Amino acid sequence: MISPSERVIARIEGPTGWLIFNQPERNNSVTLEMWQAMHAVLDHYAENPDVRVIVVSGAGDRAFTAGADVSEFDTVRSTPEQVAYYNKTGETASRKLYTINKPTIAMIRGFCMGGGIGIALACDMRLSAASARFGIPAAKLGLGYSWPGLKMIIDLAGPAFAREILFTGRTFTAAEAHGMGLVNRVVADDELADFVQAYCDMIGGNAPLTIQAAKNIIIELMKHDDNLDIPRMEDLDARCYASEDYIEGRRAFLEKRKPVFRGR
């Protein structure tokens with residue numbers, strides 16, 4: 001069994017590994033158990049060569065995820081020690097999603113709120129239904145919003161929009177989120193599933209080493225400091241040219257056929 005919790009569904013379809021938050025009766029709010037299950041699912045997908053792309057979504061049509069499940073805070077997030085453990089577990093899961101060696105897509109329907117935005121931004125791309133709604137109501141609940149999550153918002157939307165999102169705590173439309181740069185694409189609700197599937201098929205047919213190199217180099221370049229690991233970036237690039245997939249790509253181009261990449 002891939003997932004240790006029934007609240008996180010994991011299944012593999014073709015090149016796609018699905019990670020689905022499964023608590024629709026609570027808008028797919030994420031419990032501590034679900035944060036922990038994310039670790040196990042992502043570890044499995046990272047090691048499975050059949051998985052070329054990972055899609056994160058929520059069960060049903062009402063919500064991607066409404067963020068952390070506040071109803072359990074009295075039992076799992078009330079003491080300083082519990083808060084520290086909870087925050088570390090959630091932040092580590094989000095970091096693993098952000099750095100995993102496979103491309104990731106957030107498929108967003110319904111509400112994407114609070115920590116749900118952090119999960120979505122930890123993915124490489126966000127594909128949203130037109131009716132989706134976004135917001136971080138931390139200021140309305142007296143909650144803090146972790147700095148790693150806030151940095152992701154600033155990296156994509158800039159500090160001005162980050163201030164608007166956090167200061168007002170209001171709900172934004174998918175079109176507004178797209179205008180801020182938080183969402184890659186917005187499509188009609190009934191077209192989202194096919195649109196995501198087309199992206200998965202497109203990515204799944206491309207060279208895994210090239211995608212891994214691009215993902216890791218982008219993460220490195222987003223550090224915004226003078227301590228970039230240039231030798232590592234150059235090595236990632238060189239590995240692509242030294243791979244069997246590079247040979248296959250050239251041959252397929254010359255033979256006018258679709259390449260079959262194997263990630264080696």
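Residues numbered from 1 in each chain as written. Predicted model: local features only at pLDDT ≥ 70, side-chain atom pairs only at ≥ 80, totals over all residues. Heavy atoms only, no water.

Draft legend 1. Structural context of the sheet that holds strand β8 (residues 133-135). Ordered in space as β4-β6-β8-β9, the four strands form an open sheet in which the pairing is mixed. Two strands in the sheet have a free side with no partner beyond their single neighbour: β4 (63-65) and β9 (172-173). Pairing analysis gives three bridges linking strand β6 (residues 111-113) to β8, with the strands arranged parallel. Bridged to Met113 within β8 is Gly135. Its contacts with the sheet put helix α4 (residues 115-122) on β4, β6 and β8, and the angle it makes with β6 is roughly 95°. (Pairing = 2+ DSSP bridges. Helix = DSSP H or I, 4+ residues; strand = E, 2+ residues; numbered from the N terminus. Contact = heavy atoms within 4.5 Å. Axes fitted to C-alpha atoms, helices over the stretch in contact; angles between N-to-C directions.)

Draft legend 2. Seen up close, unusual backbone geometry. The phi dihedral of Asn27 falls on the positive side, at around 55°, and the residue is not glycine. Tracing the backbone shows Asn27 in the loop between β2 (16-21) and α1 (32-47). Even without being glycine, Asn28 reaches a positive phi, approximately 55°. Here Asn28 is to be found in the loop between β2 and α1.

Draft legend 3. Layout of a nonpolar patch on the surface. Residues Val70, Leu141 and Leu143 make up a contiguous nonpolar surface patch of about 260 Å² in total accessible area. Its place among the elements puts Leu141 in helix α5 (residues 138-141). Note on Leu141: relative accessible area 53%, which makes it exposed. (Patch = residues over 30% accessible without salt bridge, like charges linked within 9 Å, V, L, I, M, F, W, Y side chains within 5 Å. Areas by Shrake-Rupley, 256 points an atom, 1.4 Å probe, with all protein chains shown as cover. Salt bridge = Lys/Arg side-chain N within 4 Å of Asp/Glu carboxyl O. Buried < 20%, exposed > 50% of the residue type's maximum accessible area, 1.4 Å probe, protein only.)

Draft legend 4. Expanded view of the packing of α1 against helix α3 (residues 80-99). Across the interface, α1 lies against α3 with an axial gap of 9 Å and an inter-helix angle of 30°. It follows from the interaxial angle that α1 and α3 lie roughly parallel. Between α1 and α3 lies a crossing of left-handed hand. Residue-level inspection shows Leu32, Trp35, Gln36, Met38, His39, Leu42 and Asp43 of α1 in contact with α3, the latter providing Tyr85, Tyr86, Thr89, Gly90, Thr92, Ala93, Ser94, Lys96 and Leu97. Residue classes in the contact of α1 with α3 are distributed as eight nonpolar, six polar and two charged. (Parallel < 35°, antiparallel > 145°, perpendicular 65-115°, else oblique. Left-handed = near helix turned anticlockwise from the far one by under 90°. Nonpolar A, V, L, I, M, F, W, Y, C, P; charged D, E, K, R; others polar.)

Draft legend 5. Focus on the pairing of strand β1 (residues 8-13). For β1 and β2, the ladder comprises six bridges, and the chain directions are antiparallel. Within β2, the residue paired with Ala10 across the bridge is Leu19. Counted along the chain from β1 to the antiparallel partner β2, the turn is two residues long, and its residue Gly14 has a positive phi close to 60°.

Draft legend 6. A look at the sheet that holds β2. One open sheet accounts for six strands, arranged β1-β2-β3-β5-β7-β10; its pairing is mixed. Each having just a single partner strand, β1 and β10 (185-187) make up the two edges of the open sheet. With direction set aside, neighbouring strand axes in the sheet form an average angle of 20°. Sheet analysis places strand β7 (residues 125-129) next to β10, joined by three bridges and oriented parallel. In the sheet register, Leu127 faces β10, and the bridge partner there is Arg185. Where α4 meets the sheet, its contacts fall on β2, β3 (53-58), β5 (104-108) and β7, and the angle it forms with β5 comes to roughly 140°. Across the sheet, helix α9 (residues 192-204) lies against β2, β3, β5, β7 and β10, angled at about 160° from β7, the strand it touches most.

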